[in-house]
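Report on the structure
Listed here are the chains, written in short residue letters.
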Amino acid sequence: MDVFAWSASGMPGMDLDFLCHHLTMDPQIKPVRQRRRKFNEERRQVIKEETKKLLSVGHIREIQYPEWLTNVV
């Protein structure tokens with residue numbers, strides 16, 4: 001139990017650059033727009049609740065890109 005942490009704030013001394021994910025973008029490559037995924041109402045509600053939880057604890061944050069980025073996979 002001494003080495004377990006529920007959030008980044010429970011790990012004092014840990015470098016935040018190590019914990020954060022950054023997208024590496026090549027300015028010479030044009031971004032590709034992904035097609036929109038449609039979910040049923042029940043699944044949309046679950047997605048919304050999970051997103052709110054992640055935002056409230058600070059694991060994710062909203063950022064703005066000039067163009068939609070495609071998945072790297």
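Criteria and thresholds
Residues numbered from 1 in each chain as written. Predicted model: local features only at pLDDT ≥ 70, side-chain atom pairs only at ≥ 80, totals over all residues. Heavy atoms only, no water. Helix = DSSP H or I, 4+ residues; strand = E, 2+ residues; numbered from the N terminus. Areas by Shrake-Rupley, 256 points an atom, 1.4 Å probe, with all protein chains shown as cover. Polar contact = N/O pair within 3.5 Å; in protein donor to acceptor, adjacent residues only side chain to side chain. Salt bridge = Lys/Arg side-chain N within 4 Å of Asp/Glu carboxyl O. Buried < 20%, exposed > 50% of the residue type's maximum accessible area, 1.4 Å probe, protein only. Expected span 1.5 Å × (residues − 1). Patch = residues over 30% accessible without salt bridge, like charges linked within 9 Å, V, L, I, M, F, W, Y side chains within 5 Å.

This part covers the overall build of the protein. Check the secondary structure of the protein and you find 2 helices and 0 strands. For the protein, the accessible surface area stands at approximately 7,900 Å², while carbon and sulfur atoms represent 56% of it.

By secondary structure assignment, the location of Arg44 is in helix H2 (residues 41–57). At 2.7 Å, the side chain of Arg44 and the side chain of Glu41 are in polar contact.

A full pass over the atoms with the stated rule returns 2 salt bridges. Salt-bridge contacts for Glu41 lead to Arg44; the nearest nitrogen and oxygen are separated by 2.7 Å. Of this pair, Glu41 and Arg44 both sit in helix H2, separated by 3 residues, roughly a single helical turn. Accessibility expressed as a relative area gives 51% for Glu41, which makes it exposed. Across the pair Glu50 and Lys53 runs a salt bridge whose closest N-O atoms are separated by 3.1 Å. Remark: Lys53 and Glu50 occur in helix H2; sequence separation between them is 3 residues, near one turn of the helix. Judged by its relative accessible area of 48%, Lys53 is partly exposed.

The subject of this paragraph is H2. Its 17 residues place the ends of H2 25 Å apart at the C-alpha level, agreeing with the 24 Å of an ideal helix rising 1.5 Å per residue. Where H2 ends, the next residue or the one after it, Gly58, has phi of about 85 degrees, a positive value.

Glancing now at a nonpolar patch on the surface. Taken together, Leu54, Leu55 and Ile60 make up a surface patch of nonpolar side chains, about 230 Å² in accessible area. Residue position: Leu54 is located in helix H2. A relative accessible area of 37% means that Leu54 is categorised as partly exposed.

The subject of this paragraph is the environment of His59. Looking at the element boundaries, His59 is found in the segment after H2. Under the relative-accessibility criterion, His59 is labelled partly exposed at 47%. Taking the C-alpha atoms as reference points, His59 and Ser7, separated by 52 residues in sequence, lie 7.8 Å from one another.

Honestly, that's just the spatial picture; any functional story needs more than this.
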